Amino acid sequence: MRHREVASDSSSVRGERSRRVAAEKQSQEKTPPDSPMRRWLHPSRVVRRCAWLHALLLCVYVCIPFVVKSFPAIQAKIVFQNSVGLPLGNLSRPSEFNLSSSRAFFVPSTDGVLLGAWYIPAHGFSSADFPSSRPIVLYLHGNTGHRGGSHRVELYRVASLHGFDVVAFDYRGYGDSSNVSPSEDGVVADAVSVFEWISARSTSAIHMWGHSLGSGIATKTARLLSERGTPPRSLVLEAPFNNLREAARAHPLAKLYGLFPCFDWFFVSPLEASGLRFTSDEHVVHVKAPVTILHAKDDWIIPYSLGVKLYESARGRPASSGPVKLLLVDGEHGHGHKYLVRSAELSQLLRELASASRAGGGEE
């Protein structure tokens with residue numbers, strides 16, 4: 001019996017070995033030694049291809065600065081990312097962006113430009129109420145997408161819950177506004193036009209609120225309005241920078257070229273050659289309205305240190321221009337660049353603005 005068991009095991013082993021040999025032979029028949037696949041995967045060829053790929057990437061890395069320097073308009077496209085039409089939806093129907101009580105309209109700007117805009121009434125009121133005597137937040141969004149961005153809609157809703165009417169619009173070239181290439185002067189002219197359009201129809205307090213790039217637009221707009229004697233009731237700057245030059249140096253993409261020789265000459269000078277400066281640290285000194293700067297410490301797009309620098313510049317204004325406040329939000333909350341709307345500091349700020357509006361008139 002034991003002899004038969006050993007013989008059976010030996011037979012099984014031989015059978016397994018035969019099957020393995022047959023499988024290897026079949027594999028060799030399918031992939032002969034000189035097949036293209038074997039040649040492609042040969043170690044020496046893989047090493048050469050990796051070397052070529054590294055050389056190509058290095059060439060691209062070195063060429064990009066020269067391309068940017070030669071074509072300054074590229075920088076303008078980076079600053080104004082108006083081709084990003086997200087989120088998808090029909091901007092003429094605010095309900096598609098969870099704003100059921102709002103209405104869409106257009107505001108004329110300079111050069112025959114029409115600006116797509118929304119009116120979001122305070123919570124519990126109808127869009128037919130406009131103009132009302134309730135305080136208004138005029139919202140200026142950042143450089144990407146359009147006024148229907150989810151974090152922007154979230155802010156409109158929070159402001160509405162605190163008793164504010166909200167007017168949000170898209171700059172030229174953005175959203176459903178006229179398809180005209182944006183520029184610093186152009187988008188500032190758009191903001192002035194919307195402010196004056198509201199002022200012509202309402203005596204309510206208008207609080208100008210700019211986020212990210214919108215903070216640079218809002219600050220320059222508030223300066224122009226102050227010089228005309230019609231400043232906003234207050235200026236709120238969310239995740240702002242002090243000037244575009246330093247914002248460009250601090251941007252995450254710039255870190256790829258942080259050690260590149262003559263970084264400013266290649267990347268920053270073309271911005272200025274395109275007329276893009278957004279020197280908020282210079283403009284804020286001339287704003288004759290209370291200024292609040294709100295920044296998250298975990299903002300990885302615009303470091304909060306630039307918001308602090310802007311605050312220091314604003315403190316140099318005459319006392320008669322109004323108070324300057326800096327609100328820094330701890331990074332542990334994870335609000336980052338776009339979601340300060342979820343912070344307790346922002347809600348408290350809205351309550352204070354609503355109270356100031358009531359004290360100064362401009363609310364039912």
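Placed above this text is the structure.
Residues numbered from 1 in each chain as written. Predicted model: local features only at pLDDT ≥ 70, side-chain atom pairs only at ≥ 80, totals over all residues. Heavy atoms only, no water.

What follows concerns the overall build of the protein chain. A tally of helices and strands in the protein chain yields 12 helices and 8 strands. Of all 364 residues assigned to the protein chain, the portion counted as buried reaches 44%. Across the protein chain, contacts joining residues at least 24 apart in sequence account for 75% of those joining residues at least 6 apart. (Helix = DSSP H or I, 4+ residues; strand = E, 2+ residues; numbered from the N terminus. Buried < 20%, exposed > 50% of the residue type's maximum accessible area, 1.4 Å probe, protein only. Contact = heavy atoms within 4.5 Å.)

A few words on the pattern of salt bridges. Applying the stated criterion across every chain yields a total of 17 salt bridges. For the salt bridge of Arg 228 with Glu 196, the shortest nitrogen-to-oxygen distance reads 2.8 Å. Here Glu 196 lies in helix α6 (residues 184-199) and Arg 228 lies in the loop between α7 (213-227) and β6 (234-238), a separation of 32 residues in the sequence. Classification of Arg 228 by relative accessible area gives exposed; the value is 52%. In this structure, the salt-bridge partner of Arg 245 is Glu 272, at a minimum N-O distance of 2.9 Å. Placement of Arg 245 in helix α8 (residues 244-250) and of Glu 272 in helix α9 (residues 263-273) is noted, with a sequence separation of 27 residues between them. Among the residues examined, Arg 245 registers a relative accessible area of 27% and is labelled partly exposed. A single salt-bridge network, built from bridges that share partners, covers Arg 245, Arg 249, Asp 264 and Glu 272. (Salt bridge = Lys/Arg side-chain N within 4 Å of Asp/Glu carboxyl O.)

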